[in-house]
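Notes for the structure review
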Amino acid sequence: MRAIVTGAAGFIGSHVAQWLLRNGWEVLGIDDLSGGVTENVPPGCRLESRDCRQSLDDLFSKFRPTAVYHLAAYAAEGLSHHIPVFNYQNNIVATANVLSAAYRHHARHFVFTSSIAAYGHPPGDQPLSEADGCTPCDPYGTAKLACEHHIRSFHDYYGSPTYTIFRPHNVFGPRQNVSDPYRNVVGIFIRCALTGQPLPIFGDGSQSRSFSYITPVARCIAESGWTSGANNQTFNVGGEEPM
């Protein structure tokens with residue numbers, strides 16, 4: 001079994017690639033290294049430096065993946081207001097390009113990591129539930145939700161590949177980029193603690209989140225490639241305990 005993993009030099013993508021390798025898959029990683037680093041790529045994973053907006057047919061035609069895991073993205077919710085065109089190109093256009101290559105070269109299954117940002121903000125004081133509709137509040141969440149719709153409509157029209165969509169939330173763990181000042185409160189707190197800076201607290205500090213350790217999240221994403229019950233489904237994946 002062969003898998004292409006985009007974003008394989010990134011945080012979640014590298015863990016998904018590692019999980020696939022442990023289960024006996026041959027893995028080709030694609031990453032432009034704009035956010036990931038080669039040190040993240042697990043041993044045994046071959047890495048090709050390529051922007052997912054570029055032509056991928058040469059890689060797909062030679063490798064012939066059974067499944068494609070598309071995790072490459074520019075994930076910056078707050079910044080996406082200021083760079084909407086770049087955001088849509090790196091998320092919507094890139095996803096359409098990877099999915100088309102997967103179809104042309106007969107991949108059986110396509111796995112996409114969307115985001116909890118597809119939901120937007122809660123409508124009131126209560127936490128979001130899985131019954132709430134998606135009303136994204138920034139271009140990043142809008143792009144992720146658009147990708148979800150495109151993947152579903154692509155399957156409805158062409159009949160393949162089957163797909164699984166995940167919406168991870170607040171994921172943390174090894175290989176996380178702790179130098180990023182804009183994303184993920186756990187990484188920001190770790191960076192501040194390591195450099196002796198105060199931890200930034202907004203409001204009165206009483207707000208809570210449910211954090212998700214990378215290992216079970218990566219396992220869910222990886223195993224969907226060979227789990228028939230996950231075909232053509234969308235899942236929220238993450239912890240349930242408020243902290």
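Residues numbered from 1 in each chain as written. Predicted model: local features only at pLDDT ≥ 70, side-chain atom pairs only at ≥ 80, totals over all residues. Heavy atoms only, no water.

Before going further, it helps to spend a moment on the packing of aromatic side chains. Taken as a whole and assessed by the stated rule, the structure comprises 8 aromatic pairs. With 5.5 Å between their ring centres and 80° between their planes, Tyr-103 and Phe-154 make a pair best called edge-to-face. Of this pair, Tyr-103 sits in helix 3 (residues 84-104) while Phe-154 sits in helix 4 (residues 139-158), and the two are 51 residues apart along the sequence. One aromatic cluster in this structure is built from Tyr-103, Phe-154, Tyr-157 and Tyr-158. Sitting over the ring of Phe-63, Arg-2 keeps its end group 5.2 Å from the ring centre. Positioned over the ring face of Tyr-119 is Arg-167, at 4.9 Å from the centre of the ring. (Phe/Tyr/Trp six-rings, centres within 6.5 Å; stacked < 30°, edge-to-face > 60°. Helix = DSSP H or I, 4+ residues; strand = E, 2+ residues; numbered from the N terminus. Lys NZ or Arg CZ within 6 Å of the ring centre and 35° of its normal.)

Now for helix 1 (residues 11-22). With 12 residues, helix 1 should reach 16 Å at 1.5 Å per residue; the first-to-last C-alpha distance of 17 Å fits that figure. Taking burial as the measure, the 12 residues of helix 1 include 10 buried ones, the bulk of the element. Looking at the buried positions of helix 1, the neighbouring elements they touch are strand 1 (2-6), strand 2 (26-31), strand 4 (67-70), strand 7 (171-172) and helix 6 (214-223). A positive phi of about 85° marks Gly-24, the residue just after helix 1. (Expected span 1.5 Å × (residues − 1). Buried < 20%, exposed > 50% of the residue type's maximum accessible area, 1.4 Å probe, protein only. Contact = heavy atoms within 4.5 Å.)

When you tally the buried positions in strand 6 (residues 162-168), you get 6 out of 7 residues, the bulk of the element. Pairing analysis gives 5 bridges linking strand 5 (residues 109-113) to strand 6, with the strands arranged parallel. Note that in strand 6 the partner of His-109 across the bridge is Thr-162. Handedness of the crossover joining strand 5 and strand 6 through helix 4 is recorded here as right-handed. (Pairing = 2+ DSSP bridges. Right-handed = clockwise from strand over helix to strand, strands pointing away.)

Bringing the nonpolar core into the picture now. As a rule of thumb, nonpolar side chains are buried together in soluble globular proteins. Val-5, Ile-12, Val-16, Leu-20, Val-27, Tyr-69 and Ile-221 are the most contacted members of the largest nonpolar core, which totals 26 residues. Listed by contribution, the elements that provide at least two residues to this core are strand 1, helix 1, strand 4 and helix 6. The biggest single contributor to this core is helix 1, with 6 residues. Here Tyr-69 is in contact with Ala-3, Ile-4, Val-5, Thr-6, Val-16, Leu-20, Val-111, Ile-221, Ala-222, Ser-224, Gly-225 and Trp-226, once residues within four sequence places are set aside. By size, the runner-up hydrophobic cluster in this structure holds 22 residues, among which are Leu-56, Leu-59, Val-68 and Tyr-163. (Core = buried A, V, L, I, M, F, W, Y, C linked by side-chain atoms within 4.5 Å.)

Examined against the element boundaries, Gly-78 turns out to sit in the loop between strand 4 and helix 3. For Gly-78, a relative accessible area of 52% puts it in the exposed group. Expressed as a C-alpha distance, the spacing of Gly-78 and Val-98, which sit 20 residues apart in the sequence, is 25 Å.

On to the side chain of Asp-138. Position of Asp-138 relative to the elements: it lies in the loop between strand 5 and helix 4. The side chain of Asp-138 sits in the buried core without any salt bridge; Arg-209 is the nearest counter-charge, 10 Å away. Discounting chain neighbours no more than four positions away, the residues touching Asp-138 are Glu-77, Ser-80 and His-81. (Lys, Arg positive; Asp, Glu negative; His and termini not counted. Salt bridge = Lys/Arg side-chain N within 4 Å of Asp/Glu carboxyl O.)

Time to look at the sheet that holds strand 2. The 7 strands are arranged 3-2-1-4-5-6-9 in an open sheet whose pairing can be described as parallel. Lying at the two open borders of the sheet, with one neighbouring strand each, are strand 3 (46-49) and strand 9 (233-237). Averaged over neighbouring strand pairs, the angle between their axes works out to 20° when direction is ignored. Summarising the sheet, strand 6 and strand 9 pair through 5 bridges and their orientation is parallel. (Axes fitted to C-alpha atoms, helices over the stretch in contact; angles between N-to-C directions.)

With that settled, the discussion passes to the side chain of His-109. By secondary structure assignment, the location of His-109 is in strand 5. Judged by its relative accessible area of 4%, His-109 is buried. Not counting the four nearest positions on each side in its chain, His-109 is found in contact with Thr-66, Ala-67, Val-68, Pro-161, Thr-162, Tyr-163, Thr-164, Ser-224, Gly-225 and Asn-231.

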